[in-house]
Amino acid sequence: MNLKITKKEISSLHEILKTTVNDINNIYKYEGYIVGFICSENITPMSVLMEDLFGSSDKHEWNSLDDVNLFMDIYKKINNKSANKLKSHIYRPIFAKSKEELSDYAFGFLKAFSSSLIETNKDMGLEYMIVCVIYKLDQDLIDTDSEYVKFVNTILEKPLINLSLAIRNIDNIRKMDFLGANTVEKSNIIDFNSNNGTIH
């Protein structure tokens with residue numbers, strides 16, 4: 001499958017995302033949202049993802065079947081391209097680059113991400129905190145915790161690099177701790193022709 005995402009597809013996706021019900025309303029949030037599901041422990045069925053984005057099927061009306069197919073094609077490209085990038089030596093988001101875009105990406109990621117490892121793995125807890133800082137600062141901690149302020153300043157010096165490393169490390173921890181070392185090289189690229197072949 002060709003994973004290149006065209007300008008026309010991006011423009012169409014922007015219009016489709018205006019109709020979401022869960023605040024994933026731009027491409028940067030949407031990319032983070034997809035990556036959040038990729039890095040989560042459990043596979044989220046497409047029907048659940050669609051309902052989370054657009055509400056129940058009896059309440060959301062698509063303009064045409066072509067729009068549905070276009071949305072699915074773009075989703076597959078972003079999902080599979082992101083999963084491939086997470087397997088590579090250096091991960092970077094596809095679209096998000098500026099501080100505002102990275103904040104939106106982090107919002108989307110946090111909206112989708114779910115992992116019990118957060119409670120038990122101090123390394124992932126740190127990585128998760130980095131994503132939270134990129135999304136939004138905790139003003140109470142800013143006012144009361146000098147160590148938090150130092151941490152924030154360090155992260156925000158290079159937000160793209162630090163967010164990228166945190167996301168890649170979260171995915172690696174998931175693979176090692178949840179899947180086991182024997183599957184660490186596998187990713188959760190969705191095989192839409194065979195759900196049985198899906199690795200998560």
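Residues numbered from 1 in each chain as written. Predicted model: local features only at pLDDT ≥ 70, side-chain atom pairs only at ≥ 80, totals over all residues. Heavy atoms only, no water.

Averaged over all residues, the pLDDT of the protein chain equals 84, while 82% of them reach at least 70. In this model residues 180-200 is a low-confidence stretch, pLDDT under 50, and it forms 42 contacts with partners more than four residues away in sequence or in other chains. (pLDDT = per-residue confidence, 0-100. Contact = heavy atoms within 4.5 Å.)

Another aspect to go through is the side chain of E127. Within the fold, E127 resides in helix α7 (residues 122-135). By relative accessible area, which is 11% here, E127 ends up buried. Excluding its chain neighbours within four sequence positions, the residues that come into contact with E127 are L165, A166, N169 and I170. (Helix = DSSP H or I, 4+ residues; strand = E, 2+ residues; numbered from the N terminus. Buried < 20%, exposed > 50% of the residue type's maximum accessible area, 1.4 Å probe, protein only.)

Counting residues in hydrophobic clusters, the biggest one holds 48 residues, and the most contacted among them are Y30, F71, I78, F109, V131 and I167. Mapped by element, the contributors of at least two residues to this core are α1 (7-17), α2 (27-39), α3 (46-54), α4 (65-87), α5 (99-112), α7, α9 (146-157) and α10 (159-179). By residue number, the principal contributor to this core is α2, which donates eight residues. Not counting chain neighbours up to four residues away, the residues in contact with I78 comprise I5, L13, Y30, E31, I34, I94 and F95. (Core = buried A, V, L, I, M, F, W, Y, C linked by side-chain atoms within 4.5 Å.)

A word on the environment of P159. Structurally, P159 can be placed in helix α10. With 60 residues separating them along the chain, P159 and K99 place their C-alpha atoms 7.0 Å apart. Not counting residues up to four positions away in its chain, the partners in contact with P159 are K99, L102 and I134.

Where α2 contacts α5, the axes come no closer than 6 Å and their chain directions differ by 40 degrees. The orientation of α2 relative to α5 falls into the category oblique. You can see that α2 and α5 cross each other, and the crossing is right-handed. Residue-level contacts link Y28, K29, E31, G32, Y33, V35, G36, F37 and C39 of α2 to E101, D104, Y105, F107, G108, F109, K111 and A112 of α5. Its residues assigned to classes, the contact of α2 with α5 comprises nine nonpolar, three polar and five charged. (Axes fitted to C-alpha atoms, helices over the stretch in contact; angles between N-to-C directions. Parallel < 35°, antiparallel > 145°, perpendicular 65-115°, else oblique. Left-handed = near helix turned anticlockwise from the far one by under 90°. Nonpolar A, V, L, I, M, F, W, Y, C, P; charged D, E, K, R; others polar.)

Glancing now at the packing of α2 against α4. Where α2 meets α4, the axes come as close as 10 Å, and the angle between the chain directions of the two elements is 60 degrees. Between α2 and α4, the angle falls in the class oblique. For the element pair α2 and α4, the recorded crossing hand is right-handed. In this structure, α2 uses Y30, E31, I34, V35, I38 and C39 to contact α4, whose residues at the interface are F71, Y75, I78, N79, S82, A83 and L86. In terms of residue class, the contact of α2 with α4 is built from 10 nonpolar, two polar and one charged.

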